[in-house]
Amino acid sequence: LESIEGRRGNPKLKPPFPAIKGVYEKPTVINNVETICAVPYIMINGADAYKKYGTEKSVGTKIFCISGHVNKPGNYELPLGFPLKELIYDIAGGIKEGRKLKAVIPGGSSTPMLPEDKIDINLDYESIAEAGSMLGSGAVIVIDDRTCIVKTVKRLIKFYQHESCGKCTPCREGTAWMKSIYERLESGEGKEGDIETLEDICDNISFKSFCPLGDAAIGPVLSSIKHFRNEYEEHIQGNCCEEVRSEP
């Protein structure tokens, strides 16, 4: 909205929310394209017809964009509640080169990653939340067993640090410090206490940023430490990625 009005693209303080005071101080409805695309079907066929898809609490369909180490990445419209395993192994053709699954980010890069033993779940809002993550945008990122988790999160943090508008201190400074720590870990110069420092930085960002981008940045960090702490410890000990795991 700020950009439309000719200003720098910084977040606005809310309230007032856009539906009350948006573009040029007029009520403004903001929806993503996926939501807008669902409106004609509902208007033509009725709400009950739309409710036939999905679950009781997560109604309708969703476009899942699956990427990463799968044979058939792409966008697939499926009813909410569709099993995550079926999306990976049936719809997307399984893991590339017959590799083993290591982790899945179920709803876009900001959502907490889940290890392989926690993906026997359905793709709806309540099921993903119960598993400890979020459905988010429905962008499913599949990670195979050759992937270094620390390197993966480093790339994500680099993205969030770059995208930070710099308006608020927690996000601007926090993402920059995390990027610096991950670069050190990946270069073999990790230090004792780096894991705890990352956790502390996340705590200082969480719900303290002006907009949700700061909170988005901490999801992959905290979840990767929770589920793959051993890889962080190996990096601190100076082992390279190839030494962290033996090839199957």
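So, how was this worked out
- Residues numbered from 1 in each chain as written.
- Predicted model: local features only at pLDDT ≥ 70, side-chain atom pairs only at ≥ 80, totals over all residues.
- Heavy atoms only, no water.
- Core = buried A, V, L, I, M, F, W, Y, C linked by side-chain atoms within 4.5 Å.
- Buried < 20%, exposed > 50% of the residue type's maximum accessible area, 1.4 Å probe, protein only.
- Helix = DSSP H or I, 4+ residues; strand = E, 2+ residues; numbered from the N terminus.
- Expected span 1.5 Å × (residues − 1).
- Pairing = 2+ DSSP bridges.
- Phe/Tyr/Trp six-rings, centres within 6.5 Å; stacked < 30°, edge-to-face > 60°.
- Contact = heavy atoms within 4.5 Å.
- Axes fitted to C-alpha atoms, helices over the stretch in contact; angles between N-to-C directions.
- Parallel < 35°, antiparallel > 145°, perpendicular 65-115°, else oblique.
- Left-handed = near helix turned anticlockwise from the far one by under 90°.
- Nonpolar A, V, L, I, M, F, W, Y, C, P; charged D, E, K, R; others polar.
- Patch = residues over 30% accessible without salt bridge, like charges linked within 9 Å, V, L, I, M, F, W, Y side chains within 5 Å.
- Areas by Shrake-Rupley, 256 points an atom, 1.4 Å probe, with all protein chains shown as cover.
- Salt bridge = Lys/Arg side-chain N within 4 Å of Asp/Glu carboxyl O.
- 1 Å grid on protein atoms, 1.4 Å probe; cavity = no way out; pocket = protein on both sides within 12 Å on 5 of 7 lines; lining within 4 Å.
- Points joined across faces, edges and corners; volume = space filled by probe spheres on them.

Caption draft 1: Summary view of the nonpolar core. With 28 residues, the main nonpolar core has Val153, Met178, Tyr182, Leu185, Leu198, Val221 and Tyr232 as its most contacted residues. Listed by contribution, the elements that provide at least two residues to this core are strand E4 (101-105), helix H5 (149-163), helix H6 (169-186), helix H7 (194-205) and helix H8 (213-236). Of the residues forming this core, the biggest block, 8 residues, is contributed by H8. Core analysis: the second largest hydrophobic core is formed by 21 residues, Ile66, Leu114, Ile119 and Val142 among them.

Caption draft 2: Representation of helix H1 (residues 33-45) within the structure. For H1, built from 13 residues, the straight-helix expectation of 18 Å at 1.5 Å per residue is met to within 8% by its first-to-last C-alpha distance of 19 Å. Gly46 occupies a position one or two residues after H1 and carries a positive phi of about 95 degrees.

Caption draft 3: Spatial organisation of the pairing of strand E2 (residues 74-79). Pairing of strand E1 (residues 61-68) with E2, which is carried by 6 bridges, proceeds in the antiparallel orientation. Each bridged residue has a counterpart across the sheet, and for Phe64 the counterpart in E2 is Tyr76. Between E1 and E2, which pair antiparallel in sequence order, lie 5 residues.

Caption draft 4: Up close: the packing of aromatic side chains. This structure, assessed with the given rule, holds 3 aromatic pairs. Seen from their ring centres, Tyr41 and Tyr50 are 6.4 Å apart, and the 55 degrees between their planes marks the pair as tilted. Exposure remark for Tyr50: the relative accessible area of 17% places this residue in the buried category. A centroid spacing of 5.0 Å and a plane angle of 75 degrees characterise the contact between Phe159 and Tyr160, whose relative ring orientation is edge-to-face. Classification of Phe159 by relative accessible area gives partly exposed; the value is 41%.

Caption draft 5: The environment of Met134, seen in detail. With respect to the secondary-structure elements, Met134 resides in the loop between helix H4 (125-131) and strand E7 (139-144). Sequence separation of Met134 and Phe207 is 73 residues, and the distance between their C-alpha atoms is 17 Å. With residues near it in sequence (within four places) discarded, Met134 still touches Pro106, Gly107, Ser110, Thr111, Pro112 and Ile128.

Caption draft 6: Quick peek at the packing of H6 against H7. One can describe the packing of H6 onto H7 by two numbers: an axis separation of 9 Å at closest approach and a directional angle of 165 degrees. Classified by the angle between their axes, H6 and H7 sit roughly antiparallel to one another. H6 and H7 meet at a crossing whose hand is left-handed. Residues Pro170, Gly174, Thr175, Trp177, Met178, Ile181, Tyr182, Arg184 and Leu185 of H6 lie in contact with H7, whose contacting residues are Asp194, Thr197, Leu198, Ile201, Cys202, Asn204 and Ile205. For the contact of H6 with H7, the class distribution of residues is 10 nonpolar, 4 polar and 2 charged.

Caption draft 7: Region of the structure containing a nonpolar patch on the surface. On the surface, Val39, Met43 and Ile44 cluster together into a nonpolar patch covering about 360 Å² of accessible area. With respect to the secondary-structure elements, Val39 resides in helix H1.

Caption draft 8: Geometry of the environment of Gly81. Among the secondary structure elements, Gly81 is positioned in the loop between E2 and strand E3 (82-83). Put simply, Gly81 and Glu126 are 45 residues apart on the chain and 9.3 Å apart in space, counted from C-alpha to C-alpha. Those residues in contact with Gly81 that lie beyond four places of it in its chain are Thr55, Asn122, Leu123 and Asp124.

Caption draft 9: Representation of the layout of surface pockets in the model. Volume-wise, the largest pocket comes out at about 390 Å³. Considering the residues around the largest pocket, the lining is formed by 17 residues, among which Glu34, Ala38, Tyr50, Thr61 and Lys62 are closest to the centre. At the level of elements, H1 and E1 are the ones that each hand at least two residues to the lining of the largest pocket. A per-element tally of the lining of the largest pocket places H1 first, with 7 residues. Its residues placed into classes, the lining of the largest pocket shows 11 nonpolar, 3 polar and 3 charged.

By themselves these figures say nothing about function.
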